[in-house]
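Residue-level structural notes
Residues per chain, in single letters:
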Amino acid sequence: MKKGIHPENYRPVVFKDMSNGDMFLTKSTCKTTETVEFEGETYPVVKVEISSSSHPFYTGKSKLVDSAGRVDKFMSRYGKVRK
């Protein structure tokens, strides 16, 4: 890795998924004041709402939206009203 290309505050940070509690360690420059113990060490923590461990695309638990039903419902209500 080239020397001097990363910022001074590039350090290990734990990202915590708040929807399911999963945590993972990576390096980041995110500013945070909170810390958490992870694998026996104390690291700064950044709380995120969703990550790959809880996102429907990655978990395979996606919901199908019936867009054709919505269009039919709209047309039945407002499709007949024409000027």
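All figures in this text were calculated on a predicted structure; none of them were measured in a lab.

The next thing to look at is the overall build of the protein chain. Broken down by element type, the protein chain carries two helices and four strands. Across the protein chain, helices and strands are ordered from the amino to the carboxyl terminus as β-β-β-β-α-α. Within the span of the protein chain, comprising 83 residues, buried residues form 16% of the whole. Sequence separation of at least 24 residues holds for 34% of the intrachain contacts in the protein chain that already meet a minimum separation of 6. Element-wise, carbon and sulfur atoms account for 53% of the exposed surface of the protein chain, whose accessible area totals about 7,400 Å².

Let us look at the side chain of D17. By secondary structure assignment, the location of D17 is in strand 1 (residues 11–17). If we skip the residues at most four places from it in the chain, D17 touches D22, V48, E49, I50, S51, S53 and S54.

Counting across every chain of the model gives one salt bridge. A salt bridge links E34 to K47; its shortest N-O distance comes to 3.1 Å. Of this pair, E34 sits in the loop between strand 2 (23–28) and strand 3 (35–38) while K47 is found in strand 4 (residues 41–48), placing the two residues 13 residues apart along the sequence. With relative accessibility at 39%, the residue E34 sits in the partly exposed group. For K47, a relative accessible area of 47% corresponds to the partly exposed category.

Basis of the calculations
Residues numbered from 1 in each chain as written. Predicted model: local features only at pLDDT ≥ 70, side-chain atom pairs only at ≥ 80, totals over all residues. Heavy atoms only, no water. Helix = DSSP H or I, 4+ residues; strand = E, 2+ residues; numbered from the N terminus. Buried < 20%, exposed > 50% of the residue type's maximum accessible area, 1.4 Å probe, protein only. Contact = heavy atoms within 4.5 Å. Areas by Shrake-Rupley, 256 points an atom, 1.4 Å probe, with all protein chains shown as cover. Salt bridge = Lys/Arg side-chain N within 4 Å of Asp/Glu carboxyl O.

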